[in-house]
Amino acid sequence: MCKVTKPQDYVVEATLDAEGLLCPEPVMMLHNKIRDIEEGQVLEVKATDPSTQRDIPKFCEFLGHELLLSEERGDFFYYHIRKSSA
């Protein structure tokens, strides 16, 4: 189960803009980007594909990353993910 934390409890250190991309591209890009950051760092993902609401939490659960935020703002979906040591 993913724990959701308040954004003021952490700092976003990297971003991934997946705007306009459709499944499976946002998760494929997320998989590559999460490799580029250090353990414990927080990545913000901005997406427009509604399937990310299902796919990104599953990605985090499967790989052990912490989903800090999952939020819809207008036409965008935002996710904050803390990289685990997995």
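Residues numbered from 1 in each chain as written. Predicted model: local features only at pLDDT ≥ 70, side-chain atom pairs only at ≥ 80, totals over all residues. Heavy atoms only, no water.

Caption draft 1: Spatial organisation of the overall build of the protein. Regarding its fold elements, the protein presents two helices and four strands. Written out in order from the N terminus, the α and β elements of the protein read β-α-β-α-β-β. Since a compact globule built from 86 residues should have a radius of gyration of about 12 Å, the 12 Å found for the protein is in line with a globular shape. In terms of principal-axis extent, the alpha carbons of the protein reach across some 30 × 25 × 25 Å. Looking at the protein as a whole, 38% of its 86 residues are labelled buried. Of all intrachain contacts in the protein linking residues separated by at least 6 positions in sequence, the fraction that spans at least 24 positions is 70%. The average position of the 10 basic charges and that of the 16 acidic charges among the side chains of the protein differ by 4 Å. (Helix = DSSP H or I, 4+ residues; strand = E, 2+ residues; numbered from the N terminus. Rg over C-alpha atoms; globule rule 2.2 N^0.38 Å. Buried < 20%, exposed > 50% of the residue type's maximum accessible area, 1.4 Å probe, protein only. Contact = heavy atoms within 4.5 Å. Lys, Arg positive; Asp, Glu negative; His and termini not counted. Charge placed at Lys NZ, Arg CZ, Asp CG, Glu CD.)

Caption draft 2: The arrangement of the environment of leucine 63 in detail. Mapped onto the elements, leucine 63 comes out in helix 2 (residues 52–63). The class for leucine 63 is partly exposed, based on a relative accessible area of 26%. Residues leucine 63 and lysine 83, 20 residues apart in the sequence, show an inter-C-alpha distance of 9.4 Å.

Caption draft 3: Focus on the nonpolar core. Leu30, Leu43, Val45, Ile56, Tyr79 and Ile81 are the most contacted members of the largest nonpolar core, which has 14 residues in total. Listing elements by their share of this core, those giving two or more residues are strand 1 (14–18), helix 1 (25–36), strand 2 (42–47), helix 2 and strand 4 (76–82). Excluding residues within four positions of it along the chain, leucine 30 makes contact with Leu16, Leu43, Val45, Ile56, Phe59 and Ile81. (Core = buried A, V, L, I, M, F, W, Y, C linked by side-chain atoms within 4.5 Å.)

Caption draft 4: Broad picture of the packing of aromatic side chains. Per the counting criterion, the structure on display carries one aromatic pair. Considering the side-chain rings of phenylalanine 76 and tyrosine 78, the 6.4 Å spacing of their centres and the 55° angle between planes classify their relative orientation as tilted. Judged by its relative accessible area of 11%, tyrosine 78 is buried. Directly above the aromatic system of phenylalanine 76 lies the positively charged group of lysine 46, at a separation of 4.3 Å from the ring centroid. (Phe/Tyr/Trp six-rings, centres within 6.5 Å; stacked < 30°, edge-to-face > 60°. Lys NZ or Arg CZ within 6 Å of the ring centre and 35° of its normal.)

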